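Close look at the chain arrangement
If you want the building blocks of each chain, they are given just below.
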Amino acid sequence: MNADVFNAVMPMLFRGLKVTMEIAVIGILLGFILGSLSGYALQSKSKVAKAIAGVYVWIIRGTPIVVQALYVYFVVPAIISLARGERFTFDSVVAGTIVITLNSGAFISSIVKGALEGVDPGQKEAGMVLGLTKSQILWHIVIPPAFRSILPALFNQFIISVKDTAMLSIIAVNEITRQTQNYVARTYNTIPAYTLCALFYLVILSLLMILQRAVENKIKK
């Protein structure tokens, strides 16, 4: 591989990595909040809350992330513009973060639902015997073990979010893939550029998977 290509592409990939990680981190954090709320709603006794959460998960899981990105970036601003009577646009990074948040939240909601339902009922009953309120039982008895059980899946979703950001290149988010596309469009050095891009992803995601295993091993101890 030509050293000039390597020296030109690598700085672009690292700039793209910064955008990728910003979107993935913010997306998983907001997605955790959204997913926790919807997961709690899915196992609640409220039919309305359960229905809203169910429709949200159904829509996100039932549509491709590329279509979601196009819809959030183009359609949602168009609807807002019509409602406000003036032009409204989304920054591509903001739109991408919304998409990653929605997808993370939909995945996490199912995990949270299962984790909450998996807490030993005996522990809840013990809390009631001790005179704890429902909110105290939730925060002190239910949530701690449920959170520990979802940590591995949460980290796995973060890795998926990092990979999913590649599809945001379709709305011009300057993440890793888009940076590579920009270089190829200027130079036509297709083979070395995309090879570097693939290897770059492989290294980053491999490091994240190693970190994930370390976290899982620590939790097991």
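Going by the structure above, here's the rest.
Residues numbered from 1 in each chain as written. Predicted model: local features only at pLDDT ≥ 70, side-chain atom pairs only at ≥ 80, totals over all residues. Heavy atoms only, no water.

Some points on the packing of aromatic side chains
Aromatic ring pairs are reported here in terms of the distance separating the ring centres and the angle at which the planes meet. The full count for this structure, using the stated rule, is four aromatic pairs. Where Y73 meets F74, the ring centres are 4.8 Å apart and the plane angle is 75°; that geometry is what we call edge-to-face. Look at Y73 and you get partly exposed, because its relative accessible area is 23%. When the centroid spacing of 6.3 Å and the interplanar angle of 90° are considered together, the rings of F155 and F158 count as edge-to-face. (Phe/Tyr/Trp six-rings, centres within 6.5 Å; stacked < 30°, edge-to-face > 60°. Buried < 20%, exposed > 50% of the residue type's maximum accessible area, 1.4 Å probe, protein only.)

Here's the deal with the environment of L196
Structurally, the position occupied by L196 is in helix 8 (residues 190-220). Taking the relative accessible area as the measure of exposure, L196 reaches 7% and is therefore buried. Sequence spacing of L196 and V5 is 191 residues, and the spatial spacing of their C-alpha atoms is 9.4 Å. (Helix = DSSP H or I, 4+ residues; strand = E, 2+ residues; numbered from the N terminus.)

Looking at unusual backbone geometry
Excluding glycine, residues mostly carry a negative phi; peptide bonds, for their part, are mostly trans. A positive phi angle, near 70°, is found at A172, a position not held by glycine. Here A172 lies in the loop between helix 6 (134-164) and helix 7 (176-187). Relative accessible area serves as the criterion here: at 33%, A172 is assigned to the partly exposed category.

Concerning the side chain of D164
Structurally, the position occupied by D164 is in helix 6. For the buried D164, no salt bridge is present, and the opposite-charge side chain at shortest range is K163, 7.1 Å distant. Apart from the residues lying within four places of it in its own chain, the contact partners of D164 are I65 and I100. (Lys, Arg positive; Asp, Glu negative; His and termini not counted. Salt bridge = Lys/Arg side-chain N within 4 Å of Asp/Glu carboxyl O. Contact = heavy atoms within 4.5 Å.)

Topic: the nonpolar core
Core analysis: the biggest nonpolar cluster contains 31 residues, and V9, L13, F158, I176, F200 and L208 have the highest contact counts within it. Secondary structure elements with two or more residues in this core: helix 1 (3-42), helix 4 (92-117), helix 6, helix 7 and helix 8. Residue contacts for F200: discarding those within four places in its chain leaves M10, L13, F14, L17 and I176. Of all hydrophobic cores here, the second largest spans twelve residues; its members include I65, V99, I100 and L168. (Core = buried A, V, L, I, M, F, W, Y, C linked by side-chain atoms within 4.5 Å.)

A closer look at the packing of helix 3 (residues 65-84) against helix 4
It is at 9 Å that the axes of helix 3 and helix 4 come closest, and there the two elements cross at 135°. As the angle between them shows, helix 3 and helix 4 are arranged oblique. Handedness of the crossing formed by helix 3 with helix 4: right-handed. From helix 3, I65, Q68, A69, V72 and Y73 reach across to helix 4, where they touch S92, A95, I98, V99, I100 and N103. (Axes fitted to C-alpha atoms, helices over the stretch in contact; angles between N-to-C directions. Parallel < 35°, antiparallel > 145°, perpendicular 65-115°, else oblique. Left-handed = near helix turned anticlockwise from the far one by under 90°.)

Let's talk about a nonpolar patch on the surface
Taken together, the side chains of I26, L30, I33 and L37 define a hydrophobic patch exposed on the protein surface, amounting to about 380 Å² of accessible area. Examined against the element boundaries, L30 turns out to sit in helix 1. Judged by its relative accessible area of 41%, L30 is partly exposed. (Patch = residues over 30% accessible without salt bridge, like charges linked within 9 Å, V, L, I, M, F, W, Y side chains within 5 Å. Areas by Shrake-Rupley, 256 points an atom, 1.4 Å probe, with all protein chains shown as cover.)

Re the environment of F6
In this fold, F6 is placed in helix 1. Along the sequence, F6 and P192 sit 186 residues apart, while their C-alpha atoms lie 8.1 Å from each other. Leave out the neighbours within four places in its chain, and F6 touches P11 and L196.

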